[in-house]
Amino acid sequence: MKKILFTLLTFTLVSLTVYADNRQEALDFFNNYVKAANNYENSISTMYAPNAVIIRQVVKPDGTTANAYTDTATYLKQMRLSSAVAKVRKYKNAYRNITVLQLKDGYKISAERQPSGESYWLKTYQIIKKQPNGKWLITEEMMQTKVQQFLKYVK
């Protein structure tokens, strides 16, 4: 009986340690993403899965929202084009209320995002998954925006 209890206790402790380590790795990945994005680093493009779901949720003036979806390749191309202007303008995002939720096969990191120069906060989340090679990748991302131009991409 003692052997069974010891085995169960050991398994539980190992499981909690792995969970805590992966949770911290997921949070570290997100923090590295924020740093790379705010410093206009090219490495940002390597943080997305090739088939990631990218959602820009447009917050309309009346408070309603509409989702604009794009694929990873298009999104990364748009990001490269807009990063030059963003860098000149010293555009950055601040994040607060960051939470990490374990999913079946990854983590959902939710936060509020404040674009530089603005007083409002917008919702955002990323679903990240650890790949077999140990690398973390964004498989889904949703960021709210008040930029109404994105409405042309809503289907």
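Predicted model only: the values in this text are computed from it and were never measured.

**Quick notes on the overall build of the protein**
In terms of regular secondary structure, the protein is built from two helices and six strands. Written out in order from the N terminus, the α and β elements of the protein read α-β-β-α-β-β-β-β. At a minimum sequence separation of 6, the contacts of the protein that also span at least 24 residues come to 50%. Total accessible area on the protein stands at roughly 10,100 Å², and carbon and sulfur atoms take up 58% of it.

**Brief notes about the sheet that holds strand E5 (residues 122–130)**
Reading across from one edge, E2-E1-E6-E5-E4-E3 is the order of the six strands in this open sheet, with mixed pairing throughout. At either end of the open sheet lies a strand with only one pairing partner, and these are strand E2 (65–70) and strand E3 (93–102). Averaged over all neighbouring strand pairs, the angle between strand axes comes to 20 degrees, with direction disregarded. In this structure, E5 lies alongside strand E6 (residues 136–145), joined through seven bridges in antiparallel fashion. Bridging from a neighbouring strand, Lys129 pairs with Leu137 of E6. Where helix H2 (residues 72–89) meets the sheet, it contacts strand E1 (48–59), E2 and E6, and its direction lies at approximately 70 degrees from that of E1.

**Looking at the pairing of E6**
Of all ten residues in E6, nine are buried; the element is thus mostly enclosed. Note: E1 against E6, seven bridges, orientation parallel. Looking at the pairing, Ile55 lines up with Met142 of E6. Count of turn residues in the E5/E6 antiparallel hairpin: five residues, of which Gly134 carries a positive phi of about 95 degrees.

**Digging into the packing of aromatic side chains**
All told, the structure shown has six aromatic pairs when counted by the stated rule. Judged by centre distance (5.4 Å) and plane angle (85 degrees), the rings of Phe30 and Tyr95 are edge-to-face. Here the residue Phe30 occupies a position in helix H1 (residues 2–38), and Tyr95 occupies one in strand E3, the gap between them amounting to 65 residues. You can call Phe30 buried: its relative accessible area is 2%. Ring geometry for Phe150 and Tyr153: centres 6.4 Å apart, planes at 50 degrees, overall tilted. Here Lys108 stacks its cationic end above the ring of Tyr125, 4.4 Å away from the centre of that ring. For the cation-ring pair, Lys146 lies above Tyr120, with the distance from its terminal atom to the ring centre recorded as 4.1 Å.

**Thoughts on unusual backbone geometry**
Here the phi dihedral of Tyr40 falls at roughly 55 degrees; this positive angle occurs in a residue that is not glycine. A positive phi is found at Lys90, a non-glycine position, where the angle reads about 60 degrees. Following the sequence through the fold, Lys90 ends up in the loop between H2 and E3.

**Let's talk about the confidence of the model for the protein**
Looking at the protein as a whole, its pLDDT mean stands at 88, while 87% of the residues score no less than 70. Across residues 8–19, where pLDDT falls below 50, the model places two contacts with residues more than four positions away in sequence or in other chains.

**Quick look at the side chain of Glu141**
Note that Glu141 resides in strand E6. Only 2.9 Å separates the side chain of Glu141 from the side chain of Gln126, close enough to count as a polar contact. If sequence neighbours within four positions are ignored, Glu141 has contacts with Tyr33, Tyr48, Val53, Ile54, Ile55, Arg56, Tyr75, Tyr125 and Gln126.

Analysis parameters
- Residues numbered from 1 in each chain as written.
- Predicted model: local features only at pLDDT ≥ 70, side-chain atom pairs only at ≥ 80, totals over all residues.
- Heavy atoms only, no water.
- Helix = DSSP H or I, 4+ residues; strand = E, 2+ residues; numbered from the N terminus.
- Contact = heavy atoms within 4.5 Å.
- Areas by Shrake-Rupley, 256 points an atom, 1.4 Å probe, with all protein chains shown as cover.
- Pairing = 2+ DSSP bridges.
- Axes fitted to C-alpha atoms, helices over the stretch in contact; angles between N-to-C directions.
- Buried < 20%, exposed > 50% of the residue type's maximum accessible area, 1.4 Å probe, protein only.
- Phe/Tyr/Trp six-rings, centres within 6.5 Å; stacked < 30°, edge-to-face > 60°.
- Lys NZ or Arg CZ within 6 Å of the ring centre and 35° of its normal.
- pLDDT = per-residue confidence, 0-100.
- Polar contact = N/O pair within 3.5 Å; in protein donor to acceptor, adjacent residues only side chain to side chain.

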